[in-house]
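Chain by chain, the residues run as shown.
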Amino acid sequence: MQKQTTLRRRGLALIPLCLVAASLHAATDPLAPTARWSAYTAGRAATPPMGWSSWNAFGTDIDEAKILGSAQRIVDSGLAAKGYRYVNIDDGWTIRRQIPEGNLVIRADRFPSSVTGGASSFRPFTDKLHAMGLKAGIYSDLGRNTCSQAYSSDSTDLPKGSVLEREVGLYGHIDQDIALYFADWGFDFIKVDGCGLRAYGATSAKVRSGQYRALAPVLDLESVGRSDIPAVQAEFAQINAALLRNKPDGDFLLSLCIWGAADVRAWGKNVGNISRTSDDIRPSWARLLSNFDSAAKRELYGHPGSWNDPDMLYIGKGDFDADHLVEAKSHFALWAMLNSPLMMGADLRSMPQALMDIVGNPDIIALNQDPAGNQATLAYDADDLEILVKQLASGQKAVAIFNRGLAPIDVDLTAEQLKFRKDAPITLTDLWTKAETPFTNETKLRVAPRETLILRAQGARVLAQGLYLSEQPGSVNPAVDGVTAPQADPTIFRSSFAWSGTKGAGERPMYAGWGGARADSTPYGQTLRIAGTAYAAGIGILANSRLEVSNHGYRRLSTQVGVDDSALDRTHGVTFMIYGDGKLLAKSKSLRWGQPAQALSADVGGVKLIELVARSAARGNEQLPVSWGDAALLTSARPD
Ligand code: GLA
């Protein structure tokens, strides 16, 4: 063990000098090691949150009976015991803000228990939920006004009164409202929407009508370039500070709802517990595809405490109702594999048992709630078929075989796709039927139209003495992913805008994140390859990047590094470095395109946080994808 020099500060704490130096350095150089995990860990989301929200079932037409009725079914049906805990009121609960003192007033006709001795309070309501063993969630907006105020065609359920009285969002009231929700009313969860920062520009019809004050839009769903990312982040920072003040025990959950805008798919993980990766889900298959795609390639951007959110479940309506059990089961299985929050969105009072059984499947819930927190990665992706594999804490894998289309598909599932040995027996267990399929090397499976086979797989790992980093995305955080100019990802399925039908040109690519870090793929979806050698396992990322890797007791990190063959920049060199708790452990020479991979290996015994830095003098990181081929954490301290 290296002797550590320490600083003594007022006799209180001993701070290792290397950490002080590391954090000072990081302030100026984003690639400098920080020795700390920077993704969000505040709040209570060690596993993806589970519960129910009023929006998909009721829109703004909510009341106490509907919400408590669904809560009661959660308890009575046994879903609460399976982990469904959050019962969230979405948009539509506010009648006005009192002027001048600013207190928010609840719609008394809809929430009779909120009228308490002349005051307006959700405390009796949250007390009821808490007494049922549940948690309570509330809804607000980053702007002065909410989404329904911006987009509802029917004003019945909207706030009433003067322009100022109808400003029920957080803007200008963060401290006051967060204190009201959490300290006074006892909520445990807040969803913060973003329409108030999007729809109230001076020229919008709403503002021109004189009914709403103008607020310069800083969020533009269709254009990341027209969004003011720091302004949005600054508001979330204030919300976080207020949450920590008002819930000092940390029992809260912050849900970001800016629909994949403003490049949030890259930074939401630093700011909240769950972060929407796309626009609203609708009860249609095409929309499921868009929302699924918006999260499916962001496997490195979701971790314990900071999950990707492709939106709430729509099981119970339209393409996911009791007449569409195949689609409903796919929806549930896919959301579970993505480590999405499992937020039901149906009127549970009348939810058919067949659908209750889907959301109650204990094996599928278990794979979503797996403590390792690894989002599934894509092992196959072509035509209408996707194979997703998720490493579980037990050492087993969960596998989803997803048929997006309308014809049955005969699938070859291979040991290789599972990173299992070809010569050892593998057993698949179907998580709906519990049927077991033993095989060696490869097996044939048939997937019906729109079906998702969801399986647990047991086998002998190719890498017996450790885990590839790409098998543990929950422990790998692209703190700096090298993307300098966020661009829309062209691979996400574009469903039509609900309100325009097929008029116009259709939905354009709009979710930034193209070029982000990937597991077992280059940032642009190619096979990882250095000087002609392909790597089935590894992390693909752009140059000038820093990955944080949380080390759970492994002793060695080994990898083959180099500029990926897909790089357009064929001149600049890249130097690869491995740090352990802020200390340089290994460094490559400067490697250019076409040069063979260099093996790097570092003793990480006792190290908590490993950082992998790829540094280059090149300015165009986007032209310079690099590969951490075969990057793995191993139990043995000895180099190969
Ligand atoms: C936005 C959100 C939805 C819902 C509505 C409420 O559209 O994305 O999830 O909260 O607002 O108006």
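Residues numbered from 1 in each chain as written. Predicted model: local features only at pLDDT ≥ 70, side-chain atom pairs only at ≥ 80, totals over all residues. Heavy atoms only, no water.

## Quick look at the side chain of D90
At step 1: Topologically, D90 is positioned in the loop between β4 (86-88) and β5 (94-97).
At step 2: Using a relative accessible area of 3% as the deciding quantity, one classes D90 as buried.
At step 3: A distance of 2.8 Å separates a polar atom in the side chain of D90 from a polar atom in the side chain of K191.
At step 4: What D90 contacts, discounting residues up to four positions off in sequence, is S53, S54, W55, I62, Y139, K191 and M312. (Helix = DSSP H or I, 4+ residues; strand = E, 2+ residues; numbered from the N terminus. Buried < 20%, exposed > 50% of the residue type's maximum accessible area, 1.4 Å probe, protein only. Polar contact = N/O pair within 3.5 Å; in protein donor to acceptor, adjacent residues only side chain to side chain. Contact = heavy atoms within 4.5 Å.)

## So, unusual backbone geometry
At step 1: The amide bond that connects I99 to the next residue, P100, takes the cis arrangement and shows omega of 15 degrees.
At step 2: If you trace the backbone, P100 turns up in the loop between β5 and β6 (104-106).
At step 3: With phi around 50 degrees, W259 is a residue other than glycine that occupies positive phi space.
At step 4: Following the sequence through the fold, W259 ends up in the loop between β11 (253-257) and α9 (264-267).
At step 5: Backbone geometry places A531, a non-glycine residue, at a positive phi of 45 degrees.
At step 6: Inspection of the secondary structure assignment puts A531 in the loop between β26 (528-530) and β27 (533-535).
At step 7: Exposure remark for A531: the relative accessible area of 34% places this residue in the partly exposed category.

## A few points about the pattern of salt bridges
Side-chain pairs of opposite charge can arise where the charged atoms are in close proximity.
At step 1: As enumerated under the stated definition, the model contains 34 salt bridges in all.
At step 2: Among the ionic pairs, D177 bridges to R97, the shortest N-O distance being 2.8 Å. Taken as a pair, D177 in helix α6 (residues 174-184) and R97 in strand β5 lie far apart in primary sequence, 80 residues in all. The residues D177 and R97 share a single accessibility class, namely buried.
At step 3: The partner of D175 in a salt bridge is R245, with the nearest N and O atoms 2.9 Å apart. Taken as a pair, D175 in helix α6 and R245 in helix α8 (residues 229-246) lie far apart in primary sequence, 70 residues in all.
At step 4: The network of salt bridges with shared partners includes D61, K66, R107, D109, R110 and D157. (Salt bridge = Lys/Arg side-chain N within 4 Å of Asp/Glu carboxyl O.)

## Quick word on the packing of α6 against α8
At step 1: At a minimum axis separation of 9 Å, α6 and α8 run at an interaxial angle of 40 degrees. Classed by the angle they form, the pair α6 and α8 counts as oblique. Seen from above, α6 lies across α8 with right-handed handedness. Counting all contacts with α6, which are made through I174, D175, I178, A179, F182 and A183, the residues of α8 involved are E235, Q238, I239, A242, L243, R245 and N246.
At step 2: Counted by class, the contact of α6 with α8 contains eight nonpolar, two polar and three charged residues. (Axes fitted to C-alpha atoms, helices over the stretch in contact; angles between N-to-C directions. Parallel < 35°, antiparallel > 145°, perpendicular 65-115°, else oblique. Left-handed = near helix turned anticlockwise from the far one by under 90°. Nonpolar A, V, L, I, M, F, W, Y, C, P; charged D, E, K, R; others polar.)

## Regarding the domain arrangement of the protein
At step 1: Assigned domains of the protein: these are domain 1 (377-465) and domain 2 (467-634).
At step 2: Counting residues at the interface gives 10 residues for domain 1 and 14 residues for domain 2.
At step 3: With both sides pooled, the region where domain 1 packs onto domain 2 buries about 910 Å², and carbon together with sulfur makes up 58% of that total.
At step 4: Its largest share of buried area at the contact with domain 2, domain 1 owes to T377, K419 and L463, together 52% of the area lost on that side.
At step 5: At the junction of domain 1 with domain 2, the criterion picks out three salt bridges.
At step 6: Here D520 ties to K419 by a salt bridge, and the two come within 2.5 Å at their closest N and O atoms.
At step 7: For the pair domain 1 and domain 2, the interface holds three residue pairs in polar contact (both at pLDDT 80 or more).
At step 8: Taken together, the residues of the side of domain 1 that touches domain 2 break down into three nonpolar, three polar and four charged. (Domains from an automatic or database assignment. Buried area = accessible area lost by both parts, 1.4 Å probe.)

## Overview of the site of the ligand
At step 1: Taken together, 13 residues sit near the ligand, with D90, D91, K191, D193 and D280 positioned nearest.
At step 2: D91 places a polar side-chain atom, nitrogen or oxygen, 2.7 Å from an oxygen atom of the ligand.
At step 3: Between the ligand and the protein, one listed contact pairs an oxygen atom with a backbone N or O atom of S148 at 3.4 Å.
At step 4: The fraction of the free accessible surface of the ligand (310 Å²) that becomes covered by protein chains is 94%. (Near = heavy atom within 4 Å. Areas by Shrake-Rupley, 256 points an atom, 1.4 Å probe, with all protein chains shown as cover.)

## Description of the state of the cysteines
At step 1: By the definition in use, this model includes one disulfide.
At step 2: What pairs with C147 in a disulfide is C195, and their sulfur atoms sit 1.9 Å apart. Disulfide C147-C195: torsion about the S-S bond near 90 degrees, hence right-handed. Placement of the pair is C147 in helix α5 (residues 147-151) and C195 in the loop between β10 (189-193) and α7 (205-208), with a sequence separation of 48 residues. (Disulfide = S-S within 2.5 Å.)

## Comments concerning the nonpolar core
At step 1: Grouped together as the largest cluster of nonpolar side chains are 112 residues, with contacts concentrated most on W93 and Y181.
At step 2: Examining the composition of this core, we find that seven residues originate from one element, helix α11 (residues 325-337), more than from any other.
At step 3: Among the domains, domain 1 (377-465) and domain 2 (467-634) are the pair contributing at least three residues each to this core.
At step 4: Residues contacting Y181, with those up to four places away along its chain left out, are W93, L104, I138, Y139, S140, V168, L170, G186, F187 and I190.
At step 5: Formed by 34 residues, the second largest nonpolar core is a distinct cluster that contains V607, L624, V626 and L633. (Core = buried A, V, L, I, M, F, W, Y, C linked by side-chain atoms within 4.5 Å.)

## Topic: α6
At step 1: Buried within α6 are the following residues: I174, D177, I178, L180, Y181 and F182. Seen from one end, α6 has its buried residues packed into an arc of 165 degrees, which puts them on one side.
At step 2: Lining the buried residues of α6 we find β5, β6, β9 (135-141), β10 and α8.
At step 3: Immediately downstream of α6, the backbone of G186 shows phi near 80 degrees, a positive value. (Arc of directions from axis to C-beta.)

## Considering the pairing of strand β21 (residues 442-447)
At step 1: Alternating positions in β21 separate cleanly, T443, L445 and V447 being buried on one face and E442, K444 and R446 remaining unburied on the opposite face.
At step 2: With six bridges connecting them, strand β18 (residues 409-414) and β21 associate as antiparallel partners. Bridge pairing links D412 to K444 in β21. (Pairing = 2+ DSSP bridges.)

## Quick notes on the sheet that holds strand β12 (residues 274-276)
At step 1: Pairing in this open sheet of eight strands is parallel, and the strands run β13-β12-β11-β10-β9-β4-β3-β14 from one edge to the other. Each of the sheet's edge strands pairs with one partner strand only, and the pair in question is β13 (307-309) and β14 (342-344). Neighbour-to-neighbour, the strand axes of the sheet open up by a mean angle of 25 degrees, direction not taken into account.
At step 2: Across two bridges, β11 lies against β12 in parallel orientation. Following the sheet pairing, S255 is matched in β12 by I274.

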